[in-house]
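Here is what each chain is made of, one letter per residue.
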Amino acid sequence: MTEYAADSILVLLEATPGGELASSAAGLLGAAAEVGTPVALVVAPAASHASLAQAAGRLGAATVLTAETDAGALTVPATDALVAAVDLVGPEAVVVAHSIEGRDVAGRFAARVGAALAVDAVGVTRDDDGVLAEHSVYGGAYNVTSAPTFGVFVITVRQGAVQVRADAREASVVALSVLASDLPAARVESFEQVTATSSRPELRGAAKVVSGGRGLGSGEKFALVEEFADVLGAAVGASRAAVDAGYVPSSYQVGQTGVSVSPQLYVALGISGAIQHRAGMQTATTIVAVNKDPDAPIFEIADFGVVGDLFTVVPQAIAALEAKQA
Ligand code: FAD
């Protein structure tokens, strides 16, 4: 029987419909390895267990617990598996992606077992009393730390926020025995596969993001943001003003009422830097801003700022990058 370390951190990994680990896996296992021994849990069809377990080992999982999923049911099978995994491992903390599914499972699990839940953490640390969650709150104006007063600590981690990576390991694989709760679950009756036409990275969790604001002036001119993003291999984001003006779809919106991103590089083009925008990007490692107004608030948080007309600056940057890549 596998013995689990006293400092075990249980990491719920998500799998894509194609049977691969979701891109959040590396950051979650990296965060877990910083504070303890990562034990991964994958809840997926049996056919993909072996490859998912191998991939989790490469990302630093010491042990991988595998559980079968009822393909049609949402959330409940993963929550049931998490309950069984926590019973088996007795971890100090459970770390889950702050994704749509991750948030749902973490909330249900915490409510079911009466555990403390910390959401949207940007880091996981430890002090003498145990595991802590780090948060960036009030639009990034404050960094705060949370800790449970008792019980296992459930933490959802913002995708892309943790850059540290764990060393690869030869993970031992354990088939988890799960007692189905038979609680009511929403079921997927049918679905339609939509082929993505973009080769760009997904905004949530992207390592690089180039965003455009009202300063672009129109949807046609927003193409410059996309061109710059493609040269950098970045995802494309936007301010709410750009979305409201119809330059791009609302799924591009970064900020308080949009997507929160935490990339290594965030480029803000023609964005003033309102607090609601900053709330969704302030934790980026390096922020570059181009704005013609030297007093634009975005410069307060930018690591590199260019005061100038973006229609002059950005084409020059694109040409310089292309020349370097040639
Ligand atoms: P503006 O504030 O109009 O700024 C445009 C900038 O472009 C200016 O700084 C200007 O100097 C510059 N510029 C213009 N032309 C050029 C040029 N040629 N070259 C270089 N620079 C140029 N906003 C979000 O982004 N995300 C949110 O999630 C969000 N949620 C909100 C929630 C609430 C409840 C509220 C009240 C607001 C929210 N907002 C959000 C809106 C937010 O307050 C700002 O209005 C918005 O972020 C402004 O977008 P912007 O910077 O593109 O536009």
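Placed above this text is the structure.
Residues numbered from 1 in each chain as written. Predicted model: local features only at pLDDT ≥ 70, side-chain atom pairs only at ≥ 80, totals over all residues. Heavy atoms only, no water.

Caption draft 1: Representation of the packing of helix α5 (residues 223-232) against helix α9 (residues 310-325) within the structure. It is at 10 Å that the axes of α5 and α9 come closest, and there the two elements cross at 25 degrees. Taken together, the axes of α5 and α9 lie roughly parallel to each other. As α5 packs across α9, the resulting crossing turns out to be left-handed. Contacts between α5 and α9 pair Leu224, Glu227, Phe228, Val231 and Leu232 from the former with Leu310, Phe311, Val314, Pro315, Ala317, Ile318, Leu321, Glu322 and Gln325 from the latter. Taken together, the residues that form the contact of α5 with α9 break down as 11 nonpolar, one polar and two charged. (Axes fitted to C-alpha atoms, helices over the stretch in contact; angles between N-to-C directions. Helix = DSSP H or I, 4+ residues; strand = E, 2+ residues; numbered from the N terminus. Parallel < 35°, antiparallel > 145°, perpendicular 65-115°, else oblique. Left-handed = near helix turned anticlockwise from the far one by under 90°. Contact = heavy atoms within 4.5 Å. Nonpolar A, V, L, I, M, F, W, Y, C, P; charged D, E, K, R; others polar.)

Caption draft 2: Broad picture of the sheet that holds strand β10 (residues 172-175). Here we have seven strands laid out as an open sheet, ordered β5-β9-β4-β1-β2-β3-β10, and parallel in their pairing. The sheet is open, and its two borders are formed by β5 (116-121) and β10, each paired with just one other strand. Averaged over all pairs of adjacent strands, the angle between strand axes in this sheet comes to 25 degrees, irrespective of strand direction. By the bridge criterion, four bridges tie strand β1 (residues 8-13) to strand β4 (residues 93-97) in an arrangement that is parallel. Within β4, the residue paired with Val11 across the bridge is Val95. The sheet contacts of helix α1 (residues 25-35) involve β1, β2 (37-43), β4 and β9 (153-157), and relative to β1 the element is tilted by about 175 degrees. Set on the sheet, helix α3 (residues 76-89) makes contact with β1, β2, β3 (63-67) and β4; between it and β2 the angle comes to about 150 degrees. (Pairing = 2+ DSSP bridges.)

Caption draft 3: Up close: the pattern of salt bridges. With the rule as written, the count across this model stands at six salt bridges. When the shortest N-O distance is used, the salt bridge between Arg158 and Asp120 registers 3.0 Å. Taken together, the residues span a long stretch of sequence, with Arg158 in the loop between β9 and β10 and Asp120 in strand β5 at a distance of 38 residues. The exposure class of Arg158 is buried, given its relative accessible area of 5%. (Salt bridge = Lys/Arg side-chain N within 4 Å of Asp/Glu carboxyl O. Buried < 20%, exposed > 50% of the residue type's maximum accessible area, 1.4 Å probe, protein only.)

Caption draft 4: A look at unusual backbone geometry. Positive phi values are uncommon outside glycine, yet Thr75 reaches one of about 70 degrees. Locating Thr75 in the fold gives a position in the loop between β3 and α3. The exposure class of Thr75 is buried, given its relative accessible area of 10%. Despite not being glycine, Asp182 shows a phi value in the positive range, around 60 degrees. Mapped onto the fold, Asp182 is located in the loop between β10 and β11 (208-212).

Caption draft 5: Broad picture of the packing of aromatic side chains. Scanning the entire structure with this criterion turns up zero aromatic pairs. For the cation-ring pair, Lys221 lies above Phe311, with the distance from its terminal atom to the ring centre recorded as 5.6 Å. (Phe/Tyr/Trp six-rings, centres within 6.5 Å; stacked < 30°, edge-to-face > 60°. Lys NZ or Arg CZ within 6 Å of the ring centre and 35° of its normal.)

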